[in-house]
Amino acid sequence: MKTEIKATAKYVRVSAQKIRRILDIIRGRTYREALMLLEYLPYKHCKLILKLLKSAAANAEFLQKDIDPAQLQISSVFADHAGIIKRARPRAQGRAYAIKKCYSSVTIYLKK
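The sections below set out a description of the structure shown in this document. For every chain, the first residue of its written sequence is number 1, and the numbers climb from 1 along that sequence. Totals for whole chains, interfaces and linings use all residues, but because this is a predicted model, local features are given only for residues with pLDDT of at least 70 and pairs of side-chain atoms are given and counted only at 80 or more. Values reported for side chains reflect all heavy atoms of the structure, with hydrogen atoms and water molecules removed beforehand.

## Quick notes on the overall build of the protein
So, step 1. The secondary structure content of the protein amounts to 3 helices and 3 strands.
So, step 2. For the protein, the N- to C-terminal ordering of α and β elements is β-α-α-α-β-β.
So, step 3. Radius of gyration: C-alpha atoms only; globule rule: 2.2 Å multiplied by the number of residues to the exponent 0.38. Its C-alpha radius of gyration of 17 Å places the protein more than 25% over the 13 Å reference for a compact globule of 112 residues.
So, step 4. Overall, the C-alpha framework of the protein stretches about 65 × 30 × 15 Å when taken along its three principal axes.
So, step 5. Scored against the burial criterion, the 112 residues of the protein give a buried share of 34%.
So, step 6. Pairs at least 24 apart in sequence give 69% of the contacts found in the protein among residues at least 6 apart.
So, step 7. Neither His nor the chain termini are counted; the positive set is Lys and Arg, and the negative set is Asp and Glu. Charged groups are reduced to one reference atom each: NZ for lysine, CZ for arginine, CG for aspartic acid, CD for glutamic acid. Computed over 24 positive and 8 negative side-chain charges, the separation of the two mean positions in the protein equals 17 Å. Secondary structure elements are defined from DSSP: runs of H or I of at least 4 residues count as helices, runs of E of at least 2 residues count as strands, and each element is numbered from the N terminus. Burial here depends on accessible area, computed with a 1.4 Å probe over protein chains only, as a share of the maximum for the residue type. Under 20% is buried, over 50% is exposed, and the range in between is partly exposed. The contact criterion used is simple: two residues touch if any of their non-hydrogen atoms lie within 4.5 Å.

Written out as C-alpha cells, the structure is:
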C-alpha cells in the first residue's frame, strides 16, 4: 500500500508566488479543514487548489478502497515555476514592452 497519495496540476496559468500564499495556509491541515478554508478564503485561485485537493482525495479512494477522506492529512504541498510565455505590448514610436505570463505546477501529497 502507498503511504502518500499525490495529485498534480501542471502548467497552471498562475504565478507560483500567488499560489504559494494559499498553500502556506493549508499546509499540514486535515482534508476537511483544508476544504473549509479554501471555500472561504478571499483568493481567486482557491478554486484551482480546491479542485486539486478533491482530486487527491479521489486518488486516495481509488488506490486504497477502505480509506475515508476524513482521515487524510496534507503532508506536503508546493508550487513550482513551470515556465514563462513572453508577449509584447505595443508602445509609442514603434517600441514594445515585454509581458511575461507565468505558469506554475502545483503538487499535493496526502497521508493517512
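Next comes the rest of the description.
## Brief notes about the pattern of salt bridges
Pairing of side chains with opposite charge becomes possible as their charged atoms draw close.
So, step 1. Salt bridge criterion: a side-chain nitrogen from Lys or Arg within 4 Å of a carboxyl oxygen from Asp or Glu. Applying the stated criterion to the full structure yields 1 salt bridge.
So, step 2. With its nearest N and O atoms 2.7 Å apart, the salt bridge here joins Asp24 to Arg27.
So, step 3. With a relative accessible area of 48%, Asp24 lands in the partly exposed category.

## Regarding the packing of helix H1 (residues 16-26) against helix H3 (residues 46-63)
So, step 1. Here the axes come from fitting lines to C-alpha atoms, over the contacting stretch only for helices, and the angles between their N-to-C directions go from 0 to 180 degrees. Two numbers describe how H1 lies on H3: the axes approach to 10 Å, and their chain directions differ by 50°. Relative to H3, the element H1 lies oblique. Between H1 and H3 lies a crossing whose hand is right-handed. Contacts from Ile19, Ile22, Leu23 and Ile26 in H1 reach Cys46, Leu48 and Ile49 in H3.
So, step 2. Charged residues are taken to be Asp, Glu, Lys and Arg, nonpolar residues to be Ala, Val, Leu, Ile, Met, Phe, Trp, Tyr, Cys and Pro, and polar residues to be all remaining types, Gly included. Tallied by class, the residues present in the contact of H1 with H3 amount to 7 nonpolar, no polar and no charged. With respect to orientation, any angle under 35 degrees is reported as roughly parallel, any angle over 145 as roughly antiparallel, any angle of 65 to 115 as roughly perpendicular, and every other angle as oblique. Left-handed describes a crossing whose near helix is turned anticlockwise from the far helix through less than a right angle; right-handed describes the clockwise counterpart.

## Remarks on the packing of aromatic side chains
So, step 1. Side-chain rings of Phe, Tyr and Trp (the six-membered ring for Trp) are treated as a pair once their centres are within 6.5 Å; stacked means planes under 30 degrees apart, edge-to-face means over 60, and tilted covers the remaining angles. Per the stated rule, a full pass over the model turns up 1 aromatic pair.
So, step 2. The interplanar angle of 35° and the centroid separation of 6.3 Å between the aromatic rings of Phe78 and Tyr109 together place this pair among those described as tilted. Placement of Phe78 in strand S2 (residues 73-90) and of Tyr109 in strand S3 (residues 96-111) is noted, with a sequence separation of 31 residues between them.
So, step 3. Look at NZ for Lys and CZ for Arg. If either is within 6 Å of the ring centre and within 35 degrees of the ring normal, a charge sits over the ring. Across the ring face of Tyr103, the terminal group of Arg13 is positioned such that the distance to the ring centre comes to 5.8 Å.

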